[in-house]
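Breakdown of the fold
So you can see what is in the structure, the chains are spelled out below.
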Amino acid sequence: GDSVTQMEGPVTLSEEAFLTINCTYTATGYPSLFWYVQYPGEGLQLLLKATKADDKGSNKGFEATYRKETTSFHLEKGSVQVSDSAVYFCALVTGGGNKLTFGTGTQLKVEL
Amino acid sequence: SQTIHQWPATLVQPVGSPLSLECTVEGTSNPNLYWYRQAAGRGLQLLFYSVGIGQISSEVPQNLSASRPQDRQFILSSKKLLLSDSGFYLCAWSVPGGEFVNQPQHFGDGTRLSIL
């Protein structure tokens, strides 16, 4: 079955540091890939998405590129802020399916 | 634009009491609807999903149930809550995907349920 693997957290960075959160996947067919963000006490918000190989999703300074050859969708940001502290979830869906497959989430803590 | 509402935002219930959490979506028709549970510090567990009125698929056997009495209304219920039912419950919706079109899900703000 489909699966998503994320790097273990928490990830602790200083403000303005470069961020990478790794995400790899296994899937049948041609998945669409997503990153969601969950701020403390809130629901999940769709951060960015990519629907086919080599697509780059971007939003709020975050980027992720759909790499079919390495089955990866790593999240990056050039300069993090304290307000980026949250839990980040990588997810996929395939074949027009009704269910998302989520990774376990990676907590990011950004300190001054 | 589409919006999703969940209530209540927080709930404290004694063990053995009933539960009803409600979720409604506005601005779209015939959405797919989902209930998830998130235990503290853990990932998301899909509990139920629905592709239409009266159509409920259960992912995890448990003492919870779901119903969809109207197109854009999704209810999570229990007759007798257990301590293990504590958690953060999230409702989500999506546009139904096609064979070659994958759609993201959009989440509500969640209900934090504490069982005493």
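One can find the structure itself at the top, above this paragraph.
As a starting point, this report considers the structure included with it. (Residues numbered from 1 in each chain as written. Chains lettered and ligands numbered in written order. Predicted model: local features only at pLDDT ≥ 70, side-chain atom pairs only at ≥ 80, totals over all residues. Heavy atoms only, no water.)

What follows deals with the overall build of chain A. Each helix and strand in chain A was counted, giving 0 helices and 12 strands. Along its sequence from the N terminus, chain A presents helices and strands in the succession β-β-β-β-β-β-β-β-β-β-β-β. For a compact globule of 112 residues, the expected C-alpha radius of gyration is about 13 Å, and chain A comes in at 13 Å, within 12% of that figure. Overall size of chain A, expressed as C-alpha extent along the three principal axes, is 45 × 30 × 20 Å. Entry remark: accessible area of chain A is about 5300 Å², with carbon and sulfur atoms responsible for 47%. (Helix = DSSP H or I, 4+ residues; strand = E, 2+ residues; numbered from the N terminus. Rg over C-alpha atoms; globule rule 2.2 N^0.38 Å. Areas by Shrake-Rupley, 256 points an atom, 1.4 Å probe, with all protein chains shown as cover.)

Time to look at the interface of chain B and chain A. Facing the 25 residues of chain B at the interface are 22 residues of chain A. Between chain B and chain A the total buried area reaches about 1600 Å² when both faces are included, carbon and sulfur atoms providing 54% of it. Linking chain B to chain A there are 1 salt bridge. The shortest N-O distance in the salt bridge between glutamate 59 of chain B and lysine 99 of chain A comes to 3.3 Å. Counting every contact that joins chain B to chain A gives 3 residue pairs in polar contact (both at pLDDT 80 or more). Counting residues per element, the ones that place at least two in the side of chain B that touches chain A are strand S4 (32-38), strand S5 (44-52), strand S9 (87-94) and strand S10 (106-107) of chain B. Taken together, the residues of the side of chain B that touches chain A break down into 11 nonpolar, 10 polar and 4 charged. (Contact = heavy atoms within 4.5 Å. Buried area = accessible area lost by both parts, 1.4 Å probe. Salt bridge = Lys/Arg side-chain N within 4 Å of Asp/Glu carboxyl O. Polar contact = N/O pair within 3.5 Å; in protein donor to acceptor, adjacent residues only side chain to side chain. Nonpolar A, V, L, I, M, F, W, Y, C, P; charged D, E, K, R; others polar.)

Right, let's talk about the side chain of serine 50 of chain B for a bit. Residue and element names in this part refer to chain B. Within the element layout of this structure, serine 50 appears in strand S5. Residue class for serine 50 comes out buried when judged on its relative accessible area of 1%. A polar atom in the side chain of serine 50 sits 3.1 Å from the side chain of arginine 68. Every residue in contact with serine 50, bar those within four places of it in the chain, is listed here: Pro31, Asn32, Leu33, Gln55, Ile56, Arg68 and Phe74. (Buried < 20%, exposed > 50% of the residue type's maximum accessible area, 1.4 Å probe, protein only.)

A cis geometry characterises the amide bond from glycine 9 of chain A onward to proline 10 of chain A, with omega recorded as -5 degrees. Inspection of the secondary structure assignment puts proline 10 of chain A in the loop between strand S1 (3-6) and strand S2 (11-14). Cis geometry is found at the peptide bond from tryptophan 7 of chain B to proline 8 of chain B, where omega equals 0 degrees. When you line up the elements, proline 8 of chain B lands in the loop between strand S1 (3-7) and strand S2 (10-13). The backbone of aspartate 54 of chain A shows a phi angle near 75 degrees, a positive value even though the residue is not glycine. Despite not being glycine, threonine 71 of chain A shows a phi value in the positive range, around 45 degrees. With respect to the helices and strands, threonine 71 of chain A occurs in the loop between strand S8 (62-65) and strand S9 (75-77).

Turning next to the nonpolar core. Across soluble globular proteins, nonpolar side chains show a tendency to be buried alongside one another. If you look at the biggest cluster of nonpolar residues, it comprises 26 residues, and the most contacted ones within it are Trp35, Leu47, Leu48, Phe73, Leu75 and Tyr88 of chain A. Every element with two or more residues in this core is listed here: S2, strand S3 (19-21), strand S4 (23-26), strand S5 (32-38), strand S6 (44-50), S8, strand S10 (86-93) and strand S12 (106-111) of chain A. Sort the elements by how many residues they give to this core and S10 of chain A lands first, with 4 residues. Within the second largest apolar cluster, 20 residues are counted, among which are Leu21, Trp35, Leu81 and Leu113 of chain B. (Core = buried A, V, L, I, M, F, W, Y, C linked by side-chain atoms within 4.5 Å.)

Residues and elements named next belong to chain B. On the basis of which strands lie adjacent, the open sheet formed by 4 strands has the order S1-S3-S8-S7 and antiparallel pairing. Pairing within the sheet leaves two strands with one partner each, and these edge strands are S1 and strand S7 (64-70). On average, adjacent strands in this sheet sit at an angle of 20 degrees to one another, irrespective of strand direction. (Pairing = 2+ DSSP bridges. Axes fitted to C-alpha atoms, helices over the stretch in contact; angles between N-to-C directions.)

A separate point is the state of the cysteines. Residues and elements named next belong to chain A. Scanning all chains against the criterion turns up 2 disulfides over all chains. Cysteine 23 shares a disulfide with cysteine 90; S-S distance 2.0 Å. Looking along the S-S bond of the cysteine 23-cysteine 90 disulfide, the torsion reads about -70 degrees, which is the left-handed sense. Highlighted residues: cysteine 23 in strand S4 and cysteine 90 in strand S10, separated in sequence by 67 residues. (Disulfide = S-S within 2.5 Å.)

Moving on to the pairing of S8 of chain A. Residues and elements named next belong to chain A. In terms of strand pairing, strand S7 (residues 56-59) meets S8 through 4 bridges, oriented antiparallel. Of the residues in S8, the one forming a bridge with asparagine 59 is phenylalanine 62. The antiparallel pairing of S7 with S8 creates a hairpin that spans 2 residues between the two strands, and lysine 60 there sits at a positive phi of about 55 degrees. As paired strands, S8 and S9 are joined by 3 bridges and run antiparallel to one another.

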